[in-house]
Amino acid sequence: KEGQNLEVDQQNAQADQSNLQTIAQRFVNNKVDLICAIATPAAQTVANATKTIPILGTAITDYKEAKLVKDNAKPGTNVSGTTDMNPIDKQVDLLKTLLPKAKTVGVMYCSSEVNSQLQVSIMKKIAGEKGLTVKEATVTNVNDIQQAAESMVGQVDFIYIPTDNVMASAVPVLTKVTNAAKIPVIAGEPGEVRKGALATIGIDYYKLGYQTGLMAVKVLRGEAKPQDMPIETQKDVKATVNDTAAKLLGITIPESIRNGADVVQ
């Protein structure tokens with residue numbers, strides 16, 4: 001319990017790499033017992049700062065791809081944690097259910113995010129197997145999103161965005177273009193739906209954080225070490241749909257999807 005047998009030093013780098021490095025060094029200098037790193041950039045920075053302090057990550061898609069562990073099943077480093085890898089197959093099925101006649105899907109993501117590249121490669125393979133053509137548009141920052149979205153108008157039936165930090169930070173910029181053009185957006189995670197995307201089948205980041213906390217308890221009690229703890233996934237996923245977006249787009253959400261889904265406005 002915080003204040004009794006636990007002290008938490010919570011720091012936000014505000015998406016600034018120099019801030020990340022300063023915070024990482026602070027934690028190392030203070031000889032903390034455990035570092036929890038949210039998202040890939042934070043995890044990579046603290047992993048570069050210490051090879052001895054236990055690190056648990058969360059909201060990271062692929063730890064091995066990010067060079068944080070030797071193997072996701074047996075990390076072999078001072079890093080472990082939980083992955084936010086999407087159920088991409090279910091998301092493509094959702095897309096097909098909502099618009100059965102869709103032939104072409106546009107994919108938008110930040111070109112410098114390794115985890116986004118990985119998700120897109122998986123999505124392209126699954127889409128191809130289901131008879132969909134994929135068109136890609138990459139961005140480097142939020143200022144590119146409007147132009148990239150406009151380049152998709154008239155070219156695609158749907159747009160898919162993965163769990164991408166840049167895209168997630170500016171969903172309203174994207175949907176301002178797509179709603180006007182009647183192009184639905186399927187998102188990688190529920191937060192993007194709450195910001196204006198049409199729907200997703202995805203993980204719950206709160207539950208993912210809680211799951212990471214349970215791993216932290218084991219480390220702090222000396223019951224486990226990160227190098228021996230497999231990267232954990234969230235098994236329970238559910239649909240999230242945005243009713244306001246559906247009405248704007250003239251799309252009826254089938255009851256088979258609405259039942260049990262989180263419905264947001």
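Everything here concerns the structure above.
This is a predicted model, so every value here is computed, not measured. (Residues numbered from 1 in each chain as written. Predicted model: local features only at pLDDT ≥ 70, side-chain atom pairs only at ≥ 80, totals over all residues. Heavy atoms only, no water.)

Trainee: What should I look at first to understand the pattern of salt bridges in this one?
Mentor: A pair can form between side chains of opposite charge whenever their charged atoms are brought close. With the rule as written, the count across this model stands at 7 salt bridges. The partner of Lys74 in a salt bridge is Asp228, and the shortest N-O contact between them spans 3.3 Å. Of this pair, Lys74 sits in the loop between strand 2 (55-60) and strand 3 (79-83) while Asp228 is found in the loop between helix 9 (205-220) and strand 9 (238-242), placing the two residues 154 residues apart along the sequence. The exposure class assigned to Lys74 is exposed, which follows from its relative accessible area of 54%. We classify Asp228 as partly exposed; its relative accessible area is 46%. Across the pair Lys124 and Glu136 runs a salt bridge whose closest N-O atoms are separated by 2.5 Å. Highlighted residues: Lys124 in helix 4 (residues 114-129) and Glu136 in strand 5 (residues 133-139), separated in sequence by 12 residues. (Salt bridge = Lys/Arg side-chain N within 4 Å of Asp/Glu carboxyl O. Helix = DSSP H or I, 4+ residues; strand = E, 2+ residues; numbered from the N terminus. Buried < 20%, exposed > 50% of the residue type's maximum accessible area, 1.4 Å probe, protein only.)

Trainee: Please clarify how the nonpolar core should be interpreted in this entry.
Mentor: Nonpolar side chains tend to gather and get buried jointly when the protein is soluble and globular. Counting 29 residues, the largest nonpolar core has Leu98, Met123, Phe158, Ile186, Leu198 and Ile253 as the members making the most contacts within it. Sorting the residues of this core by element identifies helix 3 (88-98), strand 4 (104-110), helix 4, strand 6 (158-161), strand 8 (199-202), strand 9 and helix 10 (243-249) as the ones contributing at least two each. No other element matches the 5 residues that helix 3 contributes to this core. Discounting chain neighbours no more than four positions away, the residues touching Phe158 are Leu95, Leu98, Leu99, Ala102, Thr104, Val105, Gly106, Ile183, Pro184, Ile186 and Leu198. Judged by nonpolar contacts, the second largest core, of 23 residues, contains Ile145, Met167, Ala170 and Val193. (Core = buried A, V, L, I, M, F, W, Y, C linked by side-chain atoms within 4.5 Å. Contact = heavy atoms within 4.5 Å.)

Trainee: Looking at this model, I keep getting lost on unusual backbone geometry. Mind explaining?
Mentor: Glycine aside, a negative phi is what most residues show, and trans is what most peptide bonds show. At Ala15, a residue that is not glycine, the phi angle is positive and equals roughly 60°. A relative accessible area of 86% means that Ala15 is categorised as exposed. The phi dihedral of Lys67 falls on the positive side, at around 60°, and the residue is not glycine. When you line up the elements, Lys67 lands in the loop between strand 2 and strand 3.

Trainee: In this structure, what is going on with the side chain of Gln119? I would like to understand it.
Mentor: Here Gln119 shows up in helix 4. Owing to a relative accessible area of 0%, Gln119 belongs among the buried residues under this scheme. A polar atom in the side chain of Gln119 sits 2.9 Å from the side chain of Thr163. Beyond its immediate chain neighbours, meaning those up to four positions away, Gln119 contacts Thr61, Met85, Asn86, Ile88, Pro162 and Thr163. (Polar contact = N/O pair within 3.5 Å; in protein donor to acceptor, adjacent residues only side chain to side chain.)

Trainee: Explanation requested: the sheet that holds strand 1 (residues 35-38) in the structure shown.
Mentor: Pairing between the strands of a sheet is mediated by backbone hydrogen bonds and can be parallel or antiparallel. If you trace the 3 strands from one edge of the open sheet to the other, you get 1-2-3, paired in parallel fashion. The outermost strands of the open sheet, each flanked by one partner alone, are strand 1 and strand 3. When strand polarity is set aside, the average angle formed by the axes of neighbouring strands in this sheet is 20°. Strands in contact with helix 9 are strand 1, strand 2 and strand 3; relative to strand 2, the strand with the most contacts, it is inclined by about 170°. (Pairing = 2+ DSSP bridges. Axes fitted to C-alpha atoms, helices over the stretch in contact; angles between N-to-C directions.)

Trainee: Honestly, helix 1 (residues 17-29) in this entry has me stumped. Any pointers?
Mentor: Two residues of an α-helix separated by three or four positions point the same way, owing to the 3.6 residues in each turn. In a regular helix each residue adds 1.5 Å, so 13 residues correspond to 18 Å; helix 1 covers 18 Å between its end C-alpha atoms and thus fits that length. Taken together, the buried positions of helix 1 are occupied by Leu20, Ile23, Ala24 and Phe27. Projection of helix 1 onto a plane perpendicular to its axis shows the buried side chains occupying an angular sector of 100°, all on one side. Structural note: helix 1 exposes Thr22 and Asn29 on the side pointing more than 90 degrees away from its buried face. (Expected span 1.5 Å × (residues − 1). Arc of directions from axis to C-beta.)

Trainee: Can you help me understand the packing of helix 1 against helix 2 (residues 40-49) in this one?
Mentor: Put simply, helix 1 and helix 2 touch, their axes get as near as 9 Å, and they point 45° apart. As summarised for this structure, helix 1 and helix 2 are arranged oblique, according to the angle between their axes. For the crossing formed where helix 1 meets helix 2, the hand is right-handed. Touching Gln17, Leu20, Gln21, Ala24 and Val28 of helix 1 are Pro41, Ala42, Thr45, Val46 and Ala49, all from helix 2. When the residues that make up the contact of helix 1 with helix 2 are grouped by side-chain class, the tally is 7 nonpolar, 3 polar and no charged. (Parallel < 35°, antiparallel > 145°, perpendicular 65-115°, else oblique. Left-handed = near helix turned anticlockwise from the far one by under 90°. Nonpolar A, V, L, I, M, F, W, Y, C, P; charged D, E, K, R; others polar.)

Trainee: Looking at this structure, how should I read a nonpolar patch on the surface?
Mentor: There is a patch of nonpolar side chains on the surface, built from Leu6, Val8 and Leu220 and spanning about 250 Å² of accessible area. With respect to the helices and strands, the residue Leu6 is situated in the segment before helix 1. (Patch = residues over 30% accessible without salt bridge, like charges linked within 9 Å, V, L, I, M, F, W, Y side chains within 5 Å. Areas by Shrake-Rupley, 256 points an atom, 1.4 Å probe, with all protein chains shown as cover.)

Trainee: Could you clarify how one ought to interpret the pairing of strand 5 in this entry?
Mentor: Working note: regular strand, side chains alternate between the two faces of the sheet. Where strand 4 meets strand 5, 7 bridges bridge the pair, whose relative direction is parallel. Paired with Val107 across the bridge in strand 5 is Glu136. The handedness of the strand 4 to strand 5 crossover, carried by helix 4, is right-handed. (Right-handed = clockwise from strand over helix to strand, strands pointing away.)

Taken by themselves, the reported measurements are silent on function.
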